[in-house]
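What follows is the residue order along each chain.
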Amino acid sequence: MHRGRKWWTVVLGTSAGVVAAGAGTVWLSSGDGAEKRVVDTSASVRISAADSNEAARYWTAKRMAAAKPVGRAEAPGGAARTQAAAQAVPRSTAFHGIPTLGALFFNNGSGDHYCTASVVHSYSKKLLITAAHCIHGGRGAGYVSKVAFVPKYEKGKRPYGTWTAKMLLVDQRWASKSDPDLDFGFIGLNP
């Protein structure tokens, strides 16, 4: 070891790199010491090419139209919490969308659903952010299946096509405890 140099140990368990830092990576320091390390607190799942292809075939126009919005009632916390929150939310109005926002379609084991996802400005241009409860059921549950993103989806129109998921990532504390402060997740898309 060279005198005067500090050595760093960095461990990242996902290909999301910087995104993992936002998704629960914690810097640990031994005070003024010589070592710092990154601990990955994310929980991720990779989706095979076969499953991605199946998701692309699965999401027909008819299935997309029949999908139901996923709500907090389907996430931990139950319907009572959803009803109280829904009363406080002002009525929204539709707009024609932008290419970086879209519908995220998936099956959570209880049917076909959708949420909203947004493209993250990234080098690959294939990274999305959404609510964790849209891609993982939280405590006692797992990841959803047949994940497909349709940018600027509106009434069956897919002006930018359908993009399938390659990787889903949520914070481990969402996956194990349904921590509402960590209700965010990332999706890596296939080309």
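See the structure shown above.
Residues numbered from 1 in each chain as written. Predicted model: local features only at pLDDT ≥ 70, side-chain atom pairs only at ≥ 80, totals over all residues. Heavy atoms only, no water.

Caption draft 1: Representation of the layout of surface pockets. The volume enclosed by the largest pocket comes to roughly 670 Å³. Taken together, 21 residues make up the lining of the largest pocket; nearest its centre are A103, Y114, T116, Y153 and E154. Of all the secondary-structure elements, those providing two or more residues to the lining of the largest pocket are α3 (61-66), β6 (101-107) and β7 (112-119). Looking at the lining of the largest pocket, the element that brings in the most residues is β6, giving 4 residues. Tallied by class, the residues present in the lining of the largest pocket amount to 12 nonpolar, 6 polar and 3 charged. (1 Å grid on protein atoms, 1.4 Å probe; cavity = no way out; pocket = protein on both sides within 12 Å on 5 of 7 lines; lining within 4 Å. Points joined across faces, edges and corners; volume = space filled by probe spheres on them. Helix = DSSP H or I, 4+ residues; strand = E, 2+ residues; numbered from the N terminus. Nonpolar A, V, L, I, M, F, W, Y, C, P; charged D, E, K, R; others polar.)

Caption draft 2: Focus on unusual backbone geometry. Despite not being glycine, K125 has its phi angle at roughly 60°, a positive value. Assignment of secondary structure puts K125 in the loop between β7 and β8 (127-130). When its relative accessible area of 66% is taken as the criterion, K125 is described as exposed. Backbone geometry places K152, a non-glycine residue, at a positive phi of 55°. As for its placement among the helices and strands, K152 is situated in the loop between β9 (145-151) and β10 (163-171). (Buried < 20%, exposed > 50% of the residue type's maximum accessible area, 1.4 Å probe, protein only.)

Caption draft 3: Quick peek at the pattern of salt bridges. If you walk through the whole model with that rule in mind, you get 2 salt bridges. Salt-bridge contacts for E54 lead to K146; the nearest nitrogen and oxygen are separated by 3.4 Å. Residue E54 is located in helix α2 (residues 49-58), and its partner K146 is located in strand β9; the two are separated by 92 residues in the primary sequence. Judged by its relative accessible area of 34%, E54 falls in the partly exposed class. On the basis of relative accessible area, K146 is assigned to the partly exposed category, the value being 23%. Here R173 ties to D171 by a salt bridge, and the two come within 2.8 Å at their closest N and O atoms. Among the residues examined, R173 registers a relative accessible area of 33% and is labelled partly exposed. (Salt bridge = Lys/Arg side-chain N within 4 Å of Asp/Glu carboxyl O.)

These figures come from the coordinates and say nothing about function on their own.
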